[in-house]
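Residue-level listing of the chains:
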Amino acid sequence: MSLIWKIEKQLMRKLGLSPMRRVIKGLKRRGVDVGKMQALDMFAGDGTGSVLCYSDSVQHLEAWELNPELVERLKKNLPRAVIRQVDSYEQMRVCEGKFDLIVIEAPLSLYGPNLEYCEHIGLFPRVLDLCKDDAVLILAVATEVEPLRQYVGDIDRVGTPEHLKRRAEFYKTDNPENIPLDKMVSAYSEHCTAGGFEVEWWFAVRRRYAHTLALKIRKRAS
Ligand SMILES: C[S@@+](CC[C@H](N)C(=O)[O-])C[C@H]1O[C@@H](n2cnc3c(N)ncnc32)[C@H](O)[C@@H]1O
């Protein structure tokens, strides 16, 4: 990430104009009581990307991050949060907590020791086991692959045949390079149905190379 981009990000955060701040304002406008939420951030980094934009707005925050150096910085940046140095895919299977808000800003590429993970695709529908009956998922999503190629700049991880194949399967599309938001939401609705939830409403905020998508979900009556 260029220095100018970093400075712009910090400035946006300080002015309350970051995409995540706008998402939090959008949730409040729709009547969500963000101040009472128990939140989980599954890919927290050092927190400076977006966690700091909402951490003071929620009642309680648990944050997961794999990289030990980032975890140390995260602890300093978020002294009130519960921080765990974990692989979120493994932690998701043993976590017994339930959350009102789950933020998922996974790398928008292939990643992991053997590039076995792809964006947040492998989290569904299991991640829904961590949701309370009424919950909000906030996801970083990439509608277009080309801006990602330019941003991530790693041709082994972005836009490869494997990356596109995984996107095509998950979003049920034959054009994984370019997936409109409403098509993405239809796919999330299907994955939520598989996990016993339905999507009640959604909205998205545009970022430079992606979107931040908020999905309000509710447990389906059995
Ligand atoms: C896009 S960054 C998240 C930025 C963050 N939301 C912020 O506010 O700074 C993705 C993060 O996921 C972490 N990560 C990658 N694989 C992971 C895994 N399996 N489990 C947990 N964290 C992982 C990376 O180390 C990286 O910090």
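In case you missed it, the structure is sitting above this.
Residues numbered from 1 in each chain as written. Predicted model: local features only at pLDDT ≥ 70, side-chain atom pairs only at ≥ 80, totals over all residues.

A.B. asks: I'd like to hear about the overall build of the chain, residue by residue, with values.
C.D. replies: Helix and strand counts for the chain come out as eight helices and nine strands. Here the chain has a C-alpha radius of gyration of 17 Å; the compact-globule value for 222 residues is 17 Å, and the two agree. Buried positions account for 36% of the 222 residues belonging to the chain. For the chain, restricting intrachain contacts to residue pairs at least 6 apart in sequence, the fraction spanning at least 24 positions comes to 59%. (Helix = DSSP H or I, 4+ residues; strand = E, 2+ residues; numbered from the N terminus. Rg over C-alpha atoms; globule rule 2.2 N^0.38 Å. Buried ≥ 20, exposed ≤ 12 C-beta atoms within 10 Å, placed from the backbone. Contact = placed C-beta atoms within 7 Å.)

A.B. asks: I'd like a description of the site of the ligand, backed by residues and values.
C.D. replies: What surrounds the ligand is a group of 21 residues, the closest being Phe43, Gly45, Gly49, Leu66 and Ser88. When contributions to the shell around the ligand are tallied by element, the ones reaching two or more residues are strand E2 (60–65) and helix H5 (88–94). Residues belonging to the shell around the ligand are distributed by class as follows: 10 nonpolar, seven polar and four charged. (Near = placed C-beta within 6 Å. Nonpolar A, V, L, I, M, F, W, Y, C, P; charged D, E, K, R; others polar.)

A.B. asks: Can you explain the pairing of strand E1 (residues 38–41)? Please cite residues and give values.
C.D. replies: The sheet contact formed by E1 and E2 spans four bridges and is parallel. Paired with Gln38 across the strands is His60, a residue of E2. Both E1 and strand E4 (residues 99–104) contribute to a ladder of three bridges, which runs parallel. When the bridges of E4 are listed, Leu40 appears paired with Ile102. (Pairing = 2+ DSSP bridges.)

A.B. asks: Describe the environment of Val94, naming the residues involved and giving the relevant values.
C.D. replies: As for its position among the elements, Val94 is in helix H5. Taking the C-alpha atoms as reference points, Val94 and Gly112, 18 residues apart in sequence, are found 19 Å from one another.

A.B. asks: Let's hear about the sheet that holds strand E3 (residues 82–85): which residues, and what values?
C.D. replies: Spatial ordering of the open sheet is given by E3-E2-E1-E4-E7-E9-E8, a layout of seven strands whose pairing is mixed. The sheet terminates laterally at E3 and strand E8 (197–206), the two strands that pair on one side only. When strand polarity is set aside, the average angle formed by the axes of neighbouring strands in this sheet is 15°. With respect to the sheet, helix H2 (residues 19–29) is in contact with strand E7 (131–141), E8 and strand E9 (211–219), its orientation differing from that of E9 by roughly 35°. Helix H8 (residues 181–194) rests against E7, E8 and E9 of the sheet, and its axis sits at about 150° to E8. (Axes fitted to C-alpha atoms, helices over the stretch in contact; angles between N-to-C directions.)

A.B. asks: Outline H8, listing residues and values.
C.D. replies: In this model H8 runs 20 Å from its N-terminal to its C-terminal C-alpha over 14 residues, within 8% of the 20 Å that 1.5 Å per residue would give. Among the residues trailing H8, Gly196 stands out with phi positive, at a value near 90°. (Expected span 1.5 Å × (residues − 1).)

A.B. asks: Break down the nonpolar core for me, citing the residues and quoting the values.
C.D. replies: Formed by 56 residues in total, the largest nonpolar core has its most connected members in Ala63, Leu101, Ile102, Ile104, Leu137 and Ile138. Ranked by residue count, the leading element in this core is E7, at eight residues. (Core = buried A, V, L, I, M, F, W, Y, C linked by C-beta atoms within 7 Å.)

A.B. asks: Explain the environment of Ser55 to me, and be specific about the residues and the numbers.
C.D. replies: Here Ser55 lies in the loop between helix H3 (51–54) and E2. On the basis of neighbour counts, which here come to 20 C-beta atoms within 10 Å, the residue Ser55 falls in the buried class. A sequence separation of 14 residues divides Ser55 from Asp41, and the C-alpha atoms of the two residues are 9.6 Å apart. Apart from residues lying up to four places away in sequence, Ser55 is in contact with Leu61, Leu78 and Ala81.

A.B. asks: Give me the lowdown on unusual backbone geometry, citing residues and values where you can.
C.D. replies: Residues apart from glycine generally show negative phi values, whereas peptide bonds are mostly found in trans. In this structure, the amide linkage connecting Phe124 to the following residue, Pro125, adopts the cis form with an omega of 0°. Summarising the element assignment, Pro125 is placed in the loop between strand E6 (117–118) and E7. Of note in this structure, Glu119 is not a glycine but carries a positive phi near 45°. Inspection of the secondary structure assignment puts Glu119 in the loop between E6 and E7. For Glu119, a count of 22 C-beta atoms within 10 Å gives the class buried. The backbone of Lys172 sits at a positive phi, close to 50°, despite the residue not being glycine. For Lys172, a count of 14 C-beta atoms within 10 Å corresponds to the partly exposed category.

These values are about where atoms sit, not about what they do.
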